[in-house]
Amino acid sequence: MTPALLELDEVSLSRGGRVVLDRVTLRVQAGQVTAIVGPSGAGKSSLLRCAVGLDRLDAGRVRVDGHDALELDPRVLRRRVALVAQHPVMLPGTVADNLAYALPAGAVDGEAARRSLERAGLDVSFASRVAGELSGGERARVAVARALTRDPVALLLDEPTAALDPARAAGVEALMRELAGLGLAVLVASHDVAIVRRSADAAVLLEAGRVTASGTAADVLDAWAGRPA
Ligand SMILES: Nc1ncnc2c1ncn2[C@@H]1O[C@H](COP(=O)(O)OP(=O)(O)OP(=O)(O)O)[C@@H](O)[C@H]1O
Ligand SMILES: [Mg+2]
């Protein structure tokens, strides 16, 4: 089996004295969409934050391309593993300003911005739009473009379709597949069972901070559906 691009090994995290993640092990392969499913409060967002180095682990290890995340410069880690939050905040100014913000100071490069807009399925004319005036679906794509500007090897998406109508959600679903097709490791936390079933190559079920099922998306969703409510 190809080594995973992103690996979480026995990751544990406590918040406010409560165990939020309990020895979570997860492998995310390049070129695949991996989904994290599970009930509200299970720890999906916390897991994504740990994977991108935003939360300090109590125990366990995160590896990116075989390197211990703790040994990577945090700026390098942020560039390689990019997180798109559930409600991405648009900064004042244009879409181009928002994309430049994601780049290291002095690295503002029109070409990089144009390329990430295209990869996120947006016309380059979006660069001059005022970010605060975009629709929910457009914002979702700009947030992906902003993450792609740093040219990550792994893209983490937290409920990317939650606020979108079915047509816009289908667009984000297609985008995840395209990005995996370009070789990125895509890790998505989602409540949307239909989208996970269609678009994920692999999945894990997280319940009360523990992985209780893992495998193909279909197997994991079936395991989840079989749980008592
Ligand atoms: N800063 C914090 N302080 C204390 N508890 C926290 C903190 N952040 C998260 N938690 C708790 O950790 C648990 C997991 O939260 P998390 O947001 O990761 O769940 P989730 O699976 O993403 O839920 P949802 O599906 O509602 O987005 C919850 O019980 C939450 O209350
Ligand atoms: Mg969440």
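Please refer to the structure higher up on the page.
So, how was this worked out
Residues numbered from 1 in each chain as written. Chains lettered and ligands numbered in written order. Predicted model: local features only at pLDDT ≥ 70, side-chain atom pairs only at ≥ 80, totals over all residues. Heavy atoms only, no water. Helix = DSSP H or I, 4+ residues; strand = E, 2+ residues; numbered from the N terminus. Rg over C-alpha atoms; globule rule 2.2 N^0.38 Å. Buried < 20%, exposed > 50% of the residue type's maximum accessible area, 1.4 Å probe, protein only. Contact = heavy atoms within 4.5 Å. Areas by Shrake-Rupley, 256 points an atom, 1.4 Å probe, with all protein chains shown as cover. Polar contact = N/O pair within 3.5 Å; in protein donor to acceptor, adjacent residues only side chain to side chain. Pairing = 2+ DSSP bridges.

**Student:** Help me understand the overall build of the protein in this model?
**Tutor:** The helix and strand tally for the protein stands at eight helices and 10 strands. Taking 229 residues into account, the globule formula puts the C-alpha radius of gyration at 17 Å, and the protein, at 17 Å, falls close to it. In terms of its C-alpha atoms, the protein occupies a principal-axis envelope of roughly 50 × 40 × 40 Å. Per-residue burial over the protein gives 48% buried out of 229 residues. A separation threshold of at least 6 residues defines the contact pool for the protein, and within that pool the share at least 24 residues apart is 67%. For the protein, the accessible area works out to roughly 10800 Å², and carbon and sulfur atoms hold 51% of it.

**Student:** Which parts of the structure should I look at to understand the environment of Asp73?
**Tutor:** Following the sequence through the fold, Asp73 ends up in the loop between strand E5 (67-68) and helix H2 (74-80). Within polar-contact distance, the side chain of Asp73 engages the backbone nitrogen of Arg75 at 2.8 Å.

**Student:** Can you walk me through the pairing of strand E4 (residues 59-64) in this structure?
**Tutor:** Working note: regular strand, side chains alternate between the two faces of the sheet. As paired strands, strand E1 (residues 6-15) and E4 are joined by five bridges and run antiparallel to one another. Counterpart to Ser12 in the pairing with E4 is Ala59. Sheet topology note: the E4/E5 ladder contains two bridges and is antiparallel. For Val64, the partnering residue across the bridge sits in E5 and is His67. Remark: two residues form the turn of the hairpin made by E4 and E5, two consecutive strands paired antiparallel; Asp65 in that turn has positive phi of roughly 55°.

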